[in-house]
Amino acid sequence: MNENVIGTEVLKAEINEGFRADIVVDKKVLLELKSVEHVIPAHKKQVQTYLRLTRLKLGYLLNFGEAVLKNRITRCVNGLDQEFSAPPRLCGKMPNHHDLAT
């Protein structure tokens, strides 16, 4: 699998190395793959940075090292509309099927 290089411009100097997204699906969704015992805030921050640099709206942090399936997927969003009354969480666990029914 090839990683997708994320280029950026800093003070008019182009940087094409350093940021490597694992998978970008249809230029719409970023997937960052991990295999660690527990996701830490730095992993979520990494996805948020990639989303900001690519100007993508949606990303998922997929951790194959977690023992419990529901803890393996973290949804991250970038640039939500300001019309929401409550401040949205930028990265959070996916709701379980009971939460979706309400």
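Residues numbered from 1 in each chain as written. Predicted model: local features only at pLDDT ≥ 70, side-chain atom pairs only at ≥ 80, totals over all residues. Heavy atoms only, no water.

Trainee: What is the right way to read the nonpolar core from this model?
Mentor: In globular proteins that are soluble, nonpolar side chains generally tend to be buried together. Listed in full, the ten residues of the largest apolar core are Ala21, Leu30, Val39, Val47, Tyr50, Leu51, Leu56, Leu61, Cys76 and Cys91. Looking at this core, the element that brings in the most residues is helix H1 (residues 41–54), giving three residues. (Core = buried A, V, L, I, M, F, W, Y, C linked by side-chain atoms within 4.5 Å. Buried < 20%, exposed > 50% of the residue type's maximum accessible area, 1.4 Å probe, protein only. Helix = DSSP H or I, 4+ residues; strand = E, 2+ residues; numbered from the N terminus.)

Trainee: What should I look at first to understand the side chain of Lys34 in this one?
Mentor: Summarising the element assignment, Lys34 is placed in strand E6 (residues 29–34). Apart from residues lying up to four places away in sequence, Lys34 is in contact with His43, Gln46, Leu61, Leu62, Asn63, Phe64 and Gly65. (Contact = heavy atoms within 4.5 Å.)

Trainee: Would you explain unusual backbone geometry in this entry?
Mentor: The phi torsion of most residues other than glycine is negative, and most of the peptide bonds are trans. Phi at Lys27 is positive, roughly 55°, even though this residue is not glycine. Tracing the chain through its elements places Lys27 in the loop between strand E5 (23–25) and E6. Positive phi values are uncommon outside glycine, yet Arg55 reaches one of about 60°. With respect to the helices and strands, Arg55 occurs in the loop between H1 and strand E7 (58–63).

Trainee: Teacher, can you tell me more about the side chain of Glu32 here?
Mentor: For Glu32, the position within the fold is in strand E6. The exposure class assigned to Glu32 is buried, which follows from its relative accessible area of 3%. Ignoring any residue separated from it by four or fewer positions in sequence, one finds Glu32 in contact with Arg20, Ala21, Asp22, Gln46, Val47, Tyr50, Tyr60, Leu61 and Leu62.

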